[in-house]
Amino acid sequence: PGRTKLEANGWLTLGADFGFSGKVLVASNQPSGMVKWLTGQSPEAIRQLPALGFDALVHLTPSGQVLEKMELALGNTTLTGRMERSNSGARPSILLALKGGDTSLDDVLSVAGLFKRKNGSSAISGEDLDLTFAAGPVSAFGMETEQLDVALRIKDDKLDIDKLLVTGLAESSLSATAKITGFPASMQGTADVSLLTPDASSILLMLSERFPAMTAFGALSDRSLLYPGLFSDAKIDIVASLLGPAY
């Protein structure tokens, strides 16, 4: 379904040591048809993708899965990297490293959201995750940035954002780190955010248009128009606390 091609070339082991080692290719020229066949759903974001593909050298066993020289093609977005999943510890763990060029983060998140368990929870629910992601330029949530670098770890109910670096967002650069517990249902923790910009009026205007319900952005943007240069050569440092459940 979905004009999809599946190719596999390697060694298949049967019996108690069941596994596969080799090269796997999946390519769909009509992703919505393939996704509907697999999941019974065809989200709008998937229907917009002209193509969807996956290529990797894989080593699959009951105790772990390794994907080397991995390439993901999501429409016009291409990501490369490596993934390793292990069942050897108290909790399954995933090590994932991805990098790319021109990237639609909306497309990436739409495809990632398709991988769910039978109870509807995320495919990585109950598993530890170590993720690094670097790409640029990146478009996401109606915004565009020149470069996005992320390094984060999820272990038990703890989320550590070791690095979040956004450059070229409305002529501004943003960096952040965070330590959060109770992830994802009832999050508490701290975040350290820094914004460096030659003129904050551009990012304030963008934020006011993107988040109109947050009136502070609109008020500050209006003042920047009334008083040119008010937010020039700005450096803003924020230390924030997150208390209570996330809604």
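Residues numbered from 1 in each chain as written. Predicted model: local features only at pLDDT ≥ 70, side-chain atom pairs only at ≥ 80, totals over all residues. Heavy atoms only, no water.

1. Notes on the nonpolar core
Counting residues in each nonpolar core, the largest one holds 44 residues, and the members touching the most others are L105, F133, L148, L152, I203 and M206. Dropping the residues within four chain positions of it, L105 is found in contact with F133, V138, S139, A140 and L148. (Core = buried A, V, L, I, M, F, W, Y, C linked by side-chain atoms within 4.5 Å. Buried < 20%, exposed > 50% of the residue type's maximum accessible area, 1.4 Å probe, protein only. Contact = heavy atoms within 4.5 Å.)

2. Quick notes on the sheet that holds strand β7 (residues 103–104)
Either a parallel or an antiparallel arrangement is found when strands of a sheet pair, and the pairing is made through backbone hydrogen bonds. Here we have 3 strands laid out as an open sheet, ordered β7-β9-β10, and mixed in their pairing. If you trace the sheet from one side to the other, it starts and ends with β7 and β10 (143–145), each paired once. As paired elements, strand β9 (residues 138–140) and β10 share 3 bridges and run antiparallel to each other. Among the inter-strand pairings, V138 is bridged to a residue of β10, identified as T145. (Pairing = 2+ DSSP bridges. Helix = DSSP H or I, 4+ residues; strand = E, 2+ residues; numbered from the N terminus.)

3. Examining the packing of helix α4 (residues 201–210) against helix α5 (residues 215–226)
At a minimum axis separation of 8 Å, α4 and α5 run at an interaxial angle of 140°. Compared by their axis directions, α4 and α5 come out oblique. Relative to α5, the crossing made by α4 is left-handed. Touching S201, L204, L205, L207 and S208 of α4 are F217, G218, L220, S221 and S224, all from α5. (Axes fitted to C-alpha atoms, helices over the stretch in contact; angles between N-to-C directions. Parallel < 35°, antiparallel > 145°, perpendicular 65-115°, else oblique. Left-handed = near helix turned anticlockwise from the far one by under 90°.)

4. Considering the sheet that holds strand β6 (residues 93–100)
Within the open sheet, the 12 strands sit side by side as β1-β2-β3-β4-β5-β6-β8-β11-β12-β13-β14-β15. Their pairing is mixed. The open sheet has two edge strands with one neighbour each: β1 (4–13) and β15 (232–242). Direction aside, the axes of adjacent strands within the sheet are offset by 5° on average. As paired elements, β6 and strand β8 (residues 128–135) share 8 bridges and run parallel to each other. From the neighbouring strand, S93 faces β8, where its bridge partner is D128. In this fold helix α3 (residues 105–112) packs onto β3 (52–61), β4 (64–74), β5 (77–86), β8 and β11 (147–155), with an angle of close to 135° to the strand it touches most, β4.

5. Concerning the layout of surface pockets
As a volume, the second largest pocket reaches approximately 160 Å³. I124, S125, G126, I154 and F183 are the residues nearest the centre of the second largest pocket, which is lined by 10 residues in total. Split by residue class, the lining of the second largest pocket holds 4 nonpolar, 3 polar and 3 charged. (1 Å grid on protein atoms, 1.4 Å probe; cavity = no way out; pocket = protein on both sides within 12 Å on 5 of 7 lines; lining within 4 Å. Points joined across faces, edges and corners; volume = space filled by probe spheres on them. Nonpolar A, V, L, I, M, F, W, Y, C, P; charged D, E, K, R; others polar.)

6. Some details on unusual backbone geometry
The step from G136 to P137 runs through a cis peptide bond, and the omega angle for that step is -5°. With respect to the element layout, P137 can be found in the loop between β8 and β9. We note that R3 has phi near 50°; this positive angle belongs to a residue other than glycine. As for its placement among the helices and strands, R3 is situated in the segment before β1. With phi around 45°, K69 is a residue other than glycine that occupies positive phi space. Tracing the chain through its elements places K69 in strand β4.

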